[in-house]
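Listed below are the residues making up each chain.
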Amino acid sequence: MPTDLSSLISATTQWLTCAYPSSGGAMSAALTEAQARQAVTVAAWLRYPTPMDAALVAVTGPGGSGRLDWLTGADVPGPDDEAESAWRSWVDEVVASWAAALLSTPALAETAVTALAGTWHASGTPVEFRRLVAPGTDDRRAAALLRHPDLLAPLAELHHPELLTRLDTDRVLDA
């Protein structure tokens, strides 16, 4: 069974960067995508922690972007655009919500990255999530919309309790 989450990670990253675009320019777009991809990767690894979890979502699919599009008012493709937006079926609502929470709450992002240490996903390959947990000035400027707590709140709050449960924490994390 496939255990690769790359389609889910790519589609959810693309959805986030379309819904919360960069402030402009190619470099800003690249920095925004890097931050979104790191947040989505951490969220996906938390959501699907075992090879069996990853295999099951690969077989069943994550659910798509329908509710997220409605929530954020993102452009929804018309019937003529269906073939060009098939990627939307691989967007995972919970992963997008968790990624939004990680992007808007630095302490939560650090807790999540720490929780991944020693997991199946993180074993064998050194991974770094610096742009997520310690973004520089250029990162913050490029991803101003993607990291804005007020803009992300409706999305981040969708599945926030489940994220805290997954991280096994009851404490309130300050922004």
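Residues numbered from 1 in each chain as written. Predicted model: local features only at pLDDT ≥ 70, side-chain atom pairs only at ≥ 80, totals over all residues. Heavy atoms only, no water.

Student: Could you give me a rundown of the pattern of salt bridges, with the residues and numbers involved?
Tutor: Tallying each qualifying case throughout the model produces seven salt bridges. A salt bridge links Glu33 to Arg37, with the nearest nitrogen and oxygen atoms 3.2 Å apart. Residue Glu33 and its partner Arg37 are both found in helix α2 (residues 26-47); the two are separated by four residues, about one turn of the helix. On the basis of relative accessible area, Glu33 is assigned to the partly exposed category, the value being 37%. Taking relative accessible area as the criterion, Arg37 reaches 31% and is therefore assigned partly exposed. The salt bridge involving Arg88 is made with Asp69; its shortest N-O contact spans 2.9 Å. Taken together, the residues span a long stretch of sequence, with Arg88 in the loop between α4 (66-72) and α5 (93-104) and Asp69 in helix α4 at a distance of 19 residues. By relative accessible area, Asp69 is classed as buried at 5%. (Salt bridge = Lys/Arg side-chain N within 4 Å of Asp/Glu carboxyl O. Helix = DSSP H or I, 4+ residues; strand = E, 2+ residues; numbered from the N terminus. Buried < 20%, exposed > 50% of the residue type's maximum accessible area, 1.4 Å probe, protein only.)

Student: So what's going on with the nonpolar core? Residues and values would help.
Tutor: One finds Leu16 and Leu102 to be the most contacted residues of the largest nonpolar core, which totals 43 residues. For this core, the elements supplying multiple residues, two or more each, are α1 (6-19), α2, α3 (51-60), α5, α6 (106-116), α9 (149-156) and α10 (160-166). For this core, the element with the highest residue contribution is α5, accounting for nine residues. Excluding anything up to four places from it in sequence, Leu16 contacts Ala36, Val40, Ala99, Leu146 and Leu155. (Core = buried A, V, L, I, M, F, W, Y, C linked by side-chain atoms within 4.5 Å. Contact = heavy atoms within 4.5 Å.)

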